[in-house]
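# Descriptive analysis of the structure
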Amino acid sequence: MGRILLIGGIHGDEYSSISILFKWMDILNEHHSGLFHWHVLPLANPDGLLRETSQRQNENGVDLNRNFPSADWDELALEYWVERTGRNDRRFPGTWPASEPEVAWLVQHIASFQPDIIVSVHAPYHLVDYDGPPEAPEKLGDLYLSKLGVYPGSLGNYAGIDLNTPVVTIELPYAGIMPDNSHIDRMWTDLVAWLRTELSKRG
Ligand SMILES: [Zn+2]
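These numbers come from a predicted model, not from an experiment.

Rules and cut-offs
Residues numbered from 1 in each chain as written. Predicted model: local features only at pLDDT ≥ 70, side-chain atom pairs only at ≥ 80, totals over all residues. Heavy atoms only, no water. Helix = DSSP H or I, 4+ residues; strand = E, 2+ residues; numbered from the N terminus. Rg over C-alpha atoms; globule rule 2.2 N^0.38 Å. Buried < 20%, exposed > 50% of the residue type's maximum accessible area, 1.4 Å probe, protein only. Contact = heavy atoms within 4.5 Å. Lys, Arg positive; Asp, Glu negative; His and termini not counted. Charge placed at Lys NZ, Arg CZ, Asp CG, Glu CD. Expected span 1.5 Å × (residues − 1). Arc of directions from axis to C-beta. Donors = N, O, S within 2.8 Å, 3.2 Å for Na, K, Ca; no water. Tetrahedral: all angles 85-135°; square planar, octahedral: opposite > 155°, others 65-115°. Phe/Tyr/Trp six-rings, centres within 6.5 Å; stacked < 30°, edge-to-face > 60°. Salt bridge = Lys/Arg side-chain N within 4 Å of Asp/Glu carboxyl O. Pairing = 2+ DSSP bridges. Axes fitted to C-alpha atoms, helices over the stretch in contact; angles between N-to-C directions. Parallel < 35°, antiparallel > 145°, perpendicular 65-115°, else oblique. Left-handed = near helix turned anticlockwise from the far one by under 90°.

## Side note on the overall build of the protein
Secondary structure summary: the protein contains 6 helices and 7 strands in total. Overall, the protein shows an N-to-C arrangement of helices and strands of β-α-β-α-α-α-β-β-β-β-α-β-α. Its C-alpha radius of gyration of 16 Å places the protein within 12% of the 17 Å reference for a compact globule of 203 residues. Dimensions of the protein along its principal axes, counting C-alpha atoms only, are 45 × 40 × 30 Å. Buried positions account for 51% of the 203 residues belonging to the protein. A separation of at least 24 residues holds for 77% of the contacts in the protein among residues at least 6 apart in sequence. The protein carries 15 positive and 28 negative side-chain charges, and their two centres are separated by 4 Å.

What follows is the structure, encoded as structure tokens:
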């Protein structure tokens with residue numbers, strides 16, 4: 001029915017967003033229906049995770065989810081960082097769009113794989129966010145849809161708005177505590193059900 005790109009760990013200190021992808025890959029290994037062609041990237045920011053103290057940014061101190069080459073990057077990304085975040089290190093978008101190897105790889109991978117839908121997992125805001133063409137999932141497990149708005153250089157902005165490829169952002173409740181097994185299962189079941197519905201509309 002479609003190609004799905006599933007991404008965890010764009011932020012290296014969001015441990016649950018990485019672990020849950022391994023749980024979901026276990027489910028996929030057991031119950032792969034053949035309906036979807038999955039590409040799974042469980043850890044998009046290995047240098048951020050695998051250092052003495054894990055951090056949100058990559059090794060260069062860049063917030064990868066602000067480094068995607070969205071159309072508004074040149075005009076807004078650095079200005080947003082200075083004026084809206086007060087030069088918060090954790091939100092530094094880099095000095096030019098797609099300057100970081102992790103982002104450059106993802107941009108290239110999105111271009112070659114041509115996913116129908118991208119699912120990106122974060123923590124800890126306990127919600128589902130969505131960028132791109134309708135219809136967003138109203139809920140996945142206990143997480144409800146709540147649109148956070150659009151940031152210059154985010155994956156949702158770049159892929160959802162510029163490329164018209166829907167991006168589902170799953171924000172788990174805690175970065176350091178995994179959801180329990182039943183919630184892990186329910187989020188997965190709801191996600192797969194939503195993917196079936198959404199992709200069947202496109203024929
Ligand atoms: Zn995050």
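Now that the structure is up, let's keep going.
## Describing helix α6 (residues 181–201)
The end-to-end C-alpha distance of α6, which contains 21 residues, comes to 31 Å, matching closely the 30 Å that a straight helix rising 1.5 Å per residue would cover. His183, Ile184, Met187, Trp188, Leu191, Val192, Trp194, Leu195, Glu198 and Leu199 are the residues of α6 that are buried. End-on view of α6: buried residues confined to an arc of 165 degrees, all on one side of the axis.

## Re the coordination of the zinc ion
His11 (ND1), Glu14 (OE), Glu14 (OE) and His122 (ND1) make up the full set of protein donors to the zinc ion, lying at 2.0 to 2.3 Å. Here the zinc ion is ringed by 4 donor atoms whose angles at the metal span 57 to 151 degrees, and the overall shape comes out irregular. Glu14 sits in the buried class, given a relative accessible area of 5%.

## Comments concerning the packing of aromatic side chains
Enumeration according to the criterion identifies 7 aromatic pairs in this entry. Relative to Trp188, the ring of Trp24 lies with its centre 5.5 Å away and its plane at 40 degrees, an arrangement referred to as tilted. Residue Trp24 is found in helix α1 (residues 15–31), and its partner Trp188 is found in helix α6; the two are separated by 164 residues along the sequence. Residue Trp24 shares its accessibility class with Trp188, and that shared class is buried.

## Some thoughts on the pattern of salt bridges
Going through the model one piece at a time under the given rule, you end up with 8 salt bridges. One salt bridge in this structure joins Asp63 and Arg56, with 3.0 Å as the shortest N-O distance. Between Asp142 and Arg186 there is a salt bridge, with the nearest N and O atoms lying 2.9 Å from each other. With a gap of 44 residues between them, Asp142 in the loop between β5 (139–140) and β6 (143–144) and Arg186 in helix α6 connect regions that are remote in the sequence. Here the salt bridges do not stand alone but share partners, grouping Glu14, Arg56 and Asp63 into one network.

## A word on the sheet that holds strand β4 (residues 127–131)
Strands sit in the order β2-β1-β3-β7-β4 across an open sheet of 5 strands; the sheet is mixed. Looking at which strands have only one partner, the edges of the open sheet turn out to be β2 (36–41) and β4. Pairwise comparison of adjacent strand axes, ignoring direction, gives a mean angle of 20 degrees for this sheet. With 5 bridges connecting them, β4 and strand β7 (residues 167–171) associate as antiparallel partners. The residue bridging Tyr130 from the neighbouring strand is Val168, located in β7. The sheet contacts of helix α5 (residues 155–162) involve β1 (2–8), β3 (117–122), β4 and β7, and relative to β7 the element is tilted by about 150 degrees.

## Considerations on the packing of α1 against α6
At a closest axis distance of 11 Å, the pairing of α1 and α6 adopts a crossing angle of 65 degrees. By the criterion of interaxial angle, the relationship of α1 to α6 is roughly perpendicular. Seen along the crossing, α1 lies across α6 with a hand that is right-handed. Facing α1, whose interface residues are Ile20, Lys23, Trp24, Ile27 and Leu28, α6 presents Asn181, Ile184, Asp185, Met187 and Trp188.

## Some points on the environment of Trp105
Residue position: Trp105 is located in helix α4 (residues 101–113). Through-space distance from the C-alpha of Trp105 to that of Tyr15 is 21 Å; in sequence the pair is 90 residues apart.

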